[in-house]
Amino acid sequence: MRFTLMLSFIFSFSTLWGEVGAIKLITPIPSTIYHEETASVVVTFVSPLIDGVIISAESNQSSKIIRQKERNSYCKTVQLAPGENKITVSGFGKDGTIENISVLIFHDIVSEKIYKYPPEKYMEESFHTPTNERFCSSCHKMEVNEIPKIAFENPADSNCFQCHQKLTTRKYGHAPAINWLCTSCHEIKKELGDSKFTLPSMIGKTCLKCHDKESQKWETKRFHHMPVDSEKCTRCHNPHSSENKFYLKAKPWDICTSCHIDKREGKHVINTFGNKNHPTRDKPDPSRPGKEIECISCHNPHASDSASLIDAKSPMSICIKCHKK
Ligand code: HEC
Ligand code: HEC
Ligand code: HEC
Ligand code: HEC
Ligand code: HEC
Ligand code: HEC
Ligand code: HEC
Ligand code: HEC
């Protein structure tokens, strides 16, 4: 079904010149949402006149693939920009462009208001359906080959590695992901039809499976942060890897103010002290040498015994952490 949809899409986007159906785009699936920063582009050369393709993405990155003997399908991981991404594949022959195909996909970024909510036409789609997998399996191993709880010594031995390696290459890697124990979160589903893995949106409680110690500690606290209580851990943490410590999806200040927009400016903390605002960034944090002040200098992101999630016994006792007499 997905392939018929895709064919009609291809026809509607074909150029007026050239040959319709000379190339076929297998992925990305049009109008899908990407939580991660990369997407796989897979293109098949249908017409013998095609000598190669140029794949270009929103990030101005483009790559050229030249046809090899006896190979009709080519794959490329592309980097996504925040928000809407137009990915264009141009098939060329010896006389120039034969066919252009474009798809639109959406990369959501939770820490930035304008990229947080994809427009309505975008949907969460699963890739790992039997039909899609059959197409890849002529060249790729699609079976799960991990042994629960046993890390791969060499990541490249994981069948998932070739297509998904970009997910684990950022500076700070989350243990189960960098050990390629993917199904510790993406459980294999029994029923067929949709993805064979539990979809990203359904993982939530999964974090607590391993982080039960932390969650038990948070349980005992009097005040809980709403998104933590509702197990939206990935609103703040990237489950695979990140350039930020604790695999945060962005710097803490940016994450916090993506929901608490009013705290970007305006008065905070010392609203009774005249017109001066208390800094929440860009100043050294006296309580944490080498670091700058940020929301989590004063607030615990998960839970606390003090109102307003203050990371101290009481709102006032937090002051002396930095303002010693
Ligand atoms: C004709 C054989 C063939 C088919 C069919 C095929 N691939 Fe590939 N794929 C390869 C080869 C070979 C590589 C290694 C890189 C290269 O030589 O292009 C690769 C690499 C990749 C990569 C990594 C690309 C990069 O930039 O690092 C991804 C992602 C990928 N394939 C996805 C897929 C998906 C998804 C499908 C099915 C929809 C698929 N491939 C079908 C042969 C194939
Ligand atoms: C032939 C390439 C290929 C291989 C091998 C592969 N994947 Fe994928 N996978 C994809 C593509 C393409 C997507 C769509 C998202 C994207 O482009 O990154 C995807 C998406 C997913 C998703 C999101 C849910 C879904 O169904 O869309 C999960 C989870 C996932 N892969 C896990 C795995 C795991 C675990 C393995 C190893 C057992 C694996 N993949 C092997 C190509 C591959
Ligand atoms: C700690 C749990 C966890 C582990 C381990 C994990 N994932 Fe994920 N994965 C998630 C969650 C949660 C999401 C949804 C991401 C989000 O909401 O930002 C996701 C999303 C994805 C997606 C969809 C990305 C997109 O663009 O929408 C792919 C593909 C994927 N994971 C592949 C893998 C592969 C391959 C591995 C093994 C290396 C792996 N995951 C390991 C939890 C995990
Ligand atoms: C399969 C077990 C497993 C699952 C599931 C899991 N984690 Fe982890 N996580 C670990 C291990 C192991 C570590 C590294 C040990 C450590 O440093 O605490 C870790 C470390 C972390 C850290 C850094 C802790 C630190 O002190 O450096 C964060 C943050 C984290 N995980 C968040 C998550 C989130 C969010 C999820 C759900 C999307 C999740 N984890 C799911 C096993 C898991
Ligand atoms: C509102 C954003 C947010 C949410 C939601 C969130 N975290 Fe965190 N988490 C953070 C921040 C920020 C840090 C870094 C704290 C620091 O630097 O001291 C952190 C640190 C951590 C750590 C390591 C340090 C520690 O406190 O133990 C773990 C483990 C962790 N988070 C797990 C989780 C799990 C599991 C969930 C879901 C139940 C979750 N987080 C939900 C923001 C969040
Ligand atoms: C996903 C959105 C979201 C993110 C991200 C987020 N919060 Fe919240 N936060 C909420 C919601 C929802 C509430 C509860 C509603 C309310 O009281 O406004 C809340 C409440 C709070 C409260 C008040 C708790 C109370 O008892 O009055 C504090 C303090 C707070 N958040 C701090 C932070 C900090 C610090 C960060 C960054 C680490 C952060 N938040 C990130 C959604 C978020
Ligand atoms: C210097 C310490 C400090 C810093 C930094 C700080 N806060 Fe607060 N915050 C407080 C105190 C103290 C309170 C309690 C004030 C009260 O009860 O009137 C509070 C209250 C809150 C509340 C709940 C009451 C309200 O005003 O809505 C939220 C939400 C909140 N802070 C979010 C943030 C966010 C987001 C940041 C980062 C942009 C931040 N805070 C930075 C000290 C701080
Ligand atoms: C995490 C450290 C931290 C905490 C906690 C903190 N402050 Fe501050 N505070 C600062 C920094 C940094 C400045 C800016 C100093 C500068 O401008 O160089 C500042 C400035 C101020 C100022 C402005 C006067 C001045 O020295 O410039 C007042 C008043 C103030 N804080 C009151 C409070 C009160 C009241 C609390 C408790 C509710 C509090 N602060 C908690 C770090 C902190």
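Before any of the text, the structure's been laid out above.
This section reports on the structure supplied with the text. (Residues numbered from 1 in each chain as written. Chains lettered and ligands numbered in written order. Predicted model: local features only at pLDDT ≥ 70, side-chain atom pairs only at ≥ 80, totals over all residues.)

## What to know about the nonpolar core
Alright, step 1. Core analysis: the biggest nonpolar cluster contains 20 residues, and I23, V41, V43, V78, I87 and V89 have the highest contact counts within it.
Alright, step 2. Going through the elements one at a time, β1 (23–27), β3 (38–45), β4 (52–56), β7 (83–93) and β8 (96–107) are the ones with two or more residues in this core.
Alright, step 3. Among the elements that take part in this core, β8 stands out by supplying 5 residues, more than any other.
Alright, step 4. In contact with V43, other than residues within four places in its own chain, are I23, K24, L25, I26, V53, Y74 and V89. (Core = buried A, V, L, I, M, F, W, Y, C linked by C-beta atoms within 7 Å. Buried ≥ 20, exposed ≤ 12 C-beta atoms within 10 Å, placed from the backbone. Helix = DSSP H or I, 4+ residues; strand = E, 2+ residues; numbered from the N terminus. Contact = placed C-beta atoms within 7 Å.)

## Observations regarding the site of ligand 6
Alright, step 1. Near ligand 6 lie 19 residues; those nearest to it are M226, C256, C259, C295 and H299.
Alright, step 2. For the shell around ligand 6, the elements supplying multiple residues, two or more each, are α8 (226–229), α9 (252–259) and α10 (295–298).
Alright, step 3. Ranked by residues supplied to the shell around ligand 6, first place goes to α9 with 5 residues.
Alright, step 4. Residue composition of the shell around ligand 6, by class: 13 nonpolar, 5 polar and 1 charged.
Alright, step 5. When we break the shell around ligand 6 down by domain, the ones giving at least three residues each are domain 2 (142–250) and domain 3 (251–325). (Near = placed C-beta within 6 Å. Nonpolar A, V, L, I, M, F, W, Y, C, P; charged D, E, K, R; others polar. Domains from an automatic or database assignment.)

## A look at the sheet that holds strand β6 (residues 73–79)
Alright, step 1. Spatial strand order, β1-β3-β6: 3 strands in an open sheet with antiparallel pairing. Only two strands of the sheet have a single partner each, and these edge strands are β1 and β6. The mean inter-strand angle of the sheet, taken between neighbouring strand axes irrespective of direction, is 25°.
Alright, step 2. As defined by bridge partners, β1 adjoins β3 across 4 bridges and the pair is classed as antiparallel. Counted as the bridge partner of K24 is T44 from β3. (Pairing = 2+ DSSP bridges. Axes fitted to C-alpha atoms, helices over the stretch in contact; angles between N-to-C directions.)

## Thoughts on α9
Alright, step 1. Those residues of α9 that sit buried are P252, W253, I255, C256 and S258.
Alright, step 2. Check the buried side of α9 and you find it contacts α2 (113–116) and α10.

## Points about the sheet that holds β4
Strand pairing in a sheet is mediated by backbone hydrogen bonds. Such pairs are either parallel or antiparallel.
Alright, step 1. What the 5 strands build is an open sheet, ordered β2-β8-β7-β4-β5; its pairing is mixed. Every other strand in the sheet has two partners, leaving β2 (33–34) and β5 (62–66) as the edge strands with one partner each.
Alright, step 2. Where β4 and β7 come together, 5 bridges link them in antiparallel fashion. The residue bridging G52 from the neighbouring strand is F92, located in β7.

## Quick word on the site of ligand 8
Alright, step 1. Residues in close proximity to ligand 8 total 19 residues, the closest being K283, S297, C319, K321 and C322.
Alright, step 2. Its residues assigned to classes, the shell around ligand 8 comprises 11 nonpolar, 4 polar and 4 charged.

## A look at the environment of I54
Alright, step 1. Following the sequence through the fold, I54 ends up in strand β4.
Alright, step 2. In the structure, I54 is positioned 10 residues away from K64 in sequence and 4.4 Å away in space, judged by C-alpha atoms.
Alright, step 3. Not counting the four nearest positions on each side in its chain, I54 is found in contact with S62, K64, S90 and F92.

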